[in-house]
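Summary of the model geometry
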Amino acid sequence: AIDANAFIDDNGPAGTNTIAGALYFWEHYDSNNTHILRDYEGGYAVLNKLGGTAAVTPPITDDGYVISGNGTPSKIPERYIPVGQGFFVSSSEFIGIPTPVNGNIEFNNAQRIFIREQAPTGLANSGSVFLKSSGNSKNKAKNQDPKDTEVKKRLRLDFKTPEGAVRQLLLGFEPEEASIGFDYGYDAPKFNSFPNDLTWLIDNAGYEIQGVGGFDESLMLPLGLYLSTSGNIEISINEMLGLDPKNKVYVYDSLLGTYTKINNKPFSTILDPGDYVDRFYITFTKKNNELSVEEELLDQVSVNYLQNTKEIYIKTANDISVKQVYLTNIIGQIIKTWNVTNTASFSNDMKIPVRNVAEGSYIIKVKNDLGSTNKKVVIGQ
């Protein structure tokens, strides 16, 4: 077998500077019934030194059938690549590192190791998994190698699209090797492209696997969420290993200012088509857990949209002065603005008429002398 870690090291910044630091494995969906390349149905599983992710699992069919990548949606590549297993790489230019003139890929005997094909080891990433299309493979670990079996700190997320497809993302904590920026071999650049998708964002570029330094509750990791169709999306935890079970994982919505814990229940919301690149984050603690007097007053601000009269209704405590009101669309673009100078009805109990606004989901943001309050509303018939 080939040790993927050694192969990545020999062909990267410490070696020939040829590849981008990740391996990609094509998975043929069981629904394929063609030999025409452009009509293939499937996706790419991803592997780097942190571990692997499964290819995107397509939606369940109308009759309840799960079209899997290889008979099971949990087929994930691991460190040791079995004999005969093909894989793809991308040029180091893909991540902004100039590729040498010759651009040679290096295979050598030091990358070879005797590991039999075996069952996945999970986030320990020490297995040898053949991503073949026969869906009934039941290989067992016949000669489990004792080395590299330490379970490191890893978090695997699932993103469920409006049509029901599932994309995996992997986050790993490597105090000695990785950082919050790009790290060769620990951050896997986005290779799969789908109309509805989720990625990690590092310097505004998309990644399917992200490695950071040691675990830190204060981390705020940005997500890139891209939708071509409207509907309900979900972000959930698929697997969390090596971390304290007491650790909490949140999806932070910067537009609404909300934290949703996803340890036992997915984050779920309905979104319109658009690119959400500075709205959603993964974090491990709520900012300002202890409410101040000002925050307690902000919690008393009531914001609603009155469908019958087409008015924004705002009620605040007497100690709060409303300065400005914004109506924004779901991706944060400001549609209308009202303030004290152009709206006579500003008070602690007010109604603002809203006219000539298309039907859809919006955010009402009320800015006052203590901060701001956001409310999601639906404007329609």
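Residues numbered from 1 in each chain as written. Predicted model: local features only at pLDDT ≥ 70, side-chain atom pairs only at ≥ 80, totals over all residues. Heavy atoms only, no water.

Remarks on the sheet that holds strand β19 (residues 311–315)
Counted only if it meets this: Two strands pair under a simple rule: DSSP has to find at least two bridges between them. Think of it this way: any DSSP run of H or I at least four residues long counts as a helix, any run of E at least two long counts as a strand, and we number them from the N terminus. Each axis is a line fitted through C-alpha atoms, and for a helix only the stretch in contact is used; angles between axes span 0 to 180 degrees, taken between their N-to-C directions.
Spatially, the three strands line up as an open sheet ordered β18-β19-β22, and their pairing is antiparallel. This sheet does not close on itself; its edge strands, each paired only once, are β18 (302–306) and β22 (349–353). Taken pair by pair, the neighbouring strands of this sheet meet at an average axis angle of 20°, ignoring direction.

Thoughts on a nonpolar patch on the surface
Rules: Patches in this entry comprise residues that are over 30% relatively accessible and not in a salt bridge; like charges within 9 Å are linked, as are nonpolar side chains (Val, Leu, Ile, Met, Phe, Trp, Tyr) within 5 Å. Using a 1.4 Å probe, the Shrake-Rupley method yields the accessible areas, and only the shown protein chains count as cover for residues. The term salt bridge refers to a side-chain nitrogen of Lys or Arg lying within 4 Å of a carboxyl oxygen of Asp or Glu. Partly exposed residues are those whose accessible area sits between 20% and 50% of the maximum for their type, while under 20% is buried and over 50% is exposed, using a 1.4 Å probe and protein chains only.
Residues Val-89, Ile-105 and Phe-107 make up a contiguous nonpolar surface patch of roughly 250 Å² in combined accessible area. Assignment of secondary structure puts Phe-107 in the loop between β5 (80–81) and β6 (154–160). Residue Phe-107 is classed as exposed on the basis of its relative accessible area of 52%.

Considering the environment of Thr-199
What counts here: Contacts: residue pairs with any heavy atoms within 4.5 Å of one another.
Residue position: Thr-199 is located in strand β9 (residues 197–202). Judged by its relative accessible area of 0%, Thr-199 falls in the buried class. In the structure, Thr-199 is positioned 32 residues away from Arg-167 in sequence and 9.1 Å away in space, judged by C-alpha atoms. The residues contacting Thr-199, other than those within four sequence positions of it, are Leu-169, Lys-190, Gly-206, Tyr-207, Pro-222, Leu-223, Gly-224 and Tyr-226.

A look at the sheet that holds strand β4 (residues 51–53)
The antiparallel open sheet is built from three strands, whose spatial order is β2-β3-β4. Strands at the two margins of the open sheet, each flanked by one partner only, are β2 (23–28) and β4. Put simply, the sheet's adjacent strands are angled 20° from each other on average, direction ignored.

Remarks on the pattern of salt bridges
According to the stated counting rule, one finds 10 salt bridges in the structure shown. Asp-3 is the salt-bridge partner of Arg-79, the closest N and O atoms lying 2.8 Å from each other. You can see Arg-79 sitting in the loop between β4 and β5 and its partner Asp-3 sitting in strand β1 (residues 2–3), a full 76 residues away along the chain. For Arg-79, a relative accessible area of 15% gives the class buried. Residue Glu-174 is joined to Lys-152 by a salt bridge in which the shortest nitrogen-to-oxygen separation is 3.7 Å. Placement of the pair is Glu-174 in the loop between β7 (166–173) and β8 (188–189) and Lys-152 in the loop between β5 and β6, with a sequence separation of 22 residues.

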